[in-house]
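Reading the structure
Residue-level listing of the chains:
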Amino acid sequence: MSDQKASKYYSANEDAQLKKARKTAHPTNYRSSLAPGTVLILLSGRFRGKRVILLRQLSQGVLLITGPFRSNGVPLRRVNHRYVIATSTTVDISGVDNEVLDKASKDEYWAREKREGKGEDDFFKEGEAPEKKETDPQRIENQKKVDKVLIANIRKVADLEAYLSSSFSLKGNERPHEMAF
């Protein structure tokens, strides 16, 4: 027999025990086709169907892309890598300013400013158009820096600017899983 006796006192409230986390954060495994300079097709969001250029792979499955804005109206954006199709077309992005890409790679660059909630007076205003949100001048400048280099490289390749400005769509019996991009 053991020398230890069972406790005569048992608390009515059991102490909360922390559960072990079953899920752990794994580093994102990007597809090998998602290399910087690859032309991608966006599958969802405001710019779905647009062809864009991949600039950089960011953390947690996010990609930094641009249209360029002058070609098809897609600005510098972050996109989840699951919502793109990589094509076999590539663009030389060697001259793009790394300082701009480093700024855009940080979460602070994409942080939104806090808004105050709508008051009662704002709610009952009728007939007034809502104020248009102005784009940060720094973002406009960064977009121009990136576009300038990319447009120059795009124009070196025949028909690439027309390809980027056109939208992707499926018609009739076209099946994307049977296509070669």
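Anything mentioned here points back to the structure above.
For clarity, every value in this text was computed on a predicted model and none was experimentally measured. (Residues numbered from 1 in each chain as written. Predicted model: local features only at pLDDT ≥ 70, side-chain atom pairs only at ≥ 80, totals over all residues. Heavy atoms only, no water.)

**Considering the overall build of the protein chain**
What counts is decided by this rule: Runs of H or I in DSSP of at least four residues are treated as helices and runs of E of at least two as strands, each being numbered from the N terminus. As defined in this context, the radius of gyration uses C-alpha atoms, and a globule is described by 2.2 Å times the residue total to the power 0.38. Burial classes follow relative accessibility: with a 1.4 Å probe on protein chains only, a residue under 20% of its type's maximum area counts as buried, one over 50% as exposed, and anything between as partly exposed.
Helix and strand counts for the protein chain stand at six helices and five strands. Put simply, the protein chain runs from its N terminus to its C terminus through helices and strands in the order β-β-β-α-β-β-α-α-α-α-α. For a compact globule of 181 residues, the expected C-alpha radius of gyration is about 16 Å, and the protein chain comes in at 25 Å, more than 25% above that figure. Structurally, the protein chain occupies a C-alpha span of about 90 × 55 × 45 Å along its principal axes. In the protein chain, buried positions account for 28% of the 181 residues.

**Description of the pattern of salt bridges**
To be explicit about the condition: Salt bridge, as applied in this entry: a Lys or Arg side-chain nitrogen positioned within 4 Å of an Asp or Glu carboxyl oxygen.
Overall, the coordinates contain three salt bridges when judged by the stated rule. Note that Asp-107 is salt-bridged to Arg-78, the shortest N-O span being 2.9 Å. Here Arg-78 lies in strand β4 (residues 77-80) and Asp-107 lies in helix α3 (residues 107-110), a separation of 29 residues in the sequence. Across the pair Arg-155 and Glu-161 runs a salt bridge whose closest N-O atoms are separated by 3.4 Å.

**Quick notes on the pairing of strand β1 (residues 38-42)**
Put simply, the rule is: Note on pairing: DSSP must find at least two bridges between two strands before they are called paired.
Across the five residues that make up β1, a large majority, five, are buried. Of the two faces of β1, the one lined by Thr-38, Leu-40 and Leu-42 and the one lined by Val-39 and Ile-41 are each fully buried. Sheet topology places β1 next to strand β5 (residues 84-90); four bridges connect them, and they run antiparallel. Within the sheet, the bridge partner assigned to Ile-41 lies in β5 and is Ile-85. The pairing of β1 with strand β2 (residues 51-57) spans three bridges and is classified as antiparallel. Residue pairing for β2: Val-39 is matched across the bridge by Ile-53.

**Observations regarding the sheet that holds β1**
Basically, it comes down to this: Each axis is a line fitted through C-alpha atoms, and for a helix only the stretch in contact is used; angles between axes span 0 to 180 degrees, taken between their N-to-C directions.
Pairing is antiparallel in the open sheet, where five strands are placed in the order β4-β3-β2-β1-β5. Edge positions in the sheet fall to β4 and β5, since each has one partner strand and no second. On average, each strand axis in the sheet is inclined to that of its neighbour by 45°, with strand direction left out of account. Summarising the sheet, β2 and strand β3 (residues 62-66) pair through four bridges and their orientation is antiparallel. Bridging from a neighbouring strand, Leu-54 pairs with Ile-65 of β3.

It is worth stressing that arrangement in space is one thing and function is another; only the former is reported here.
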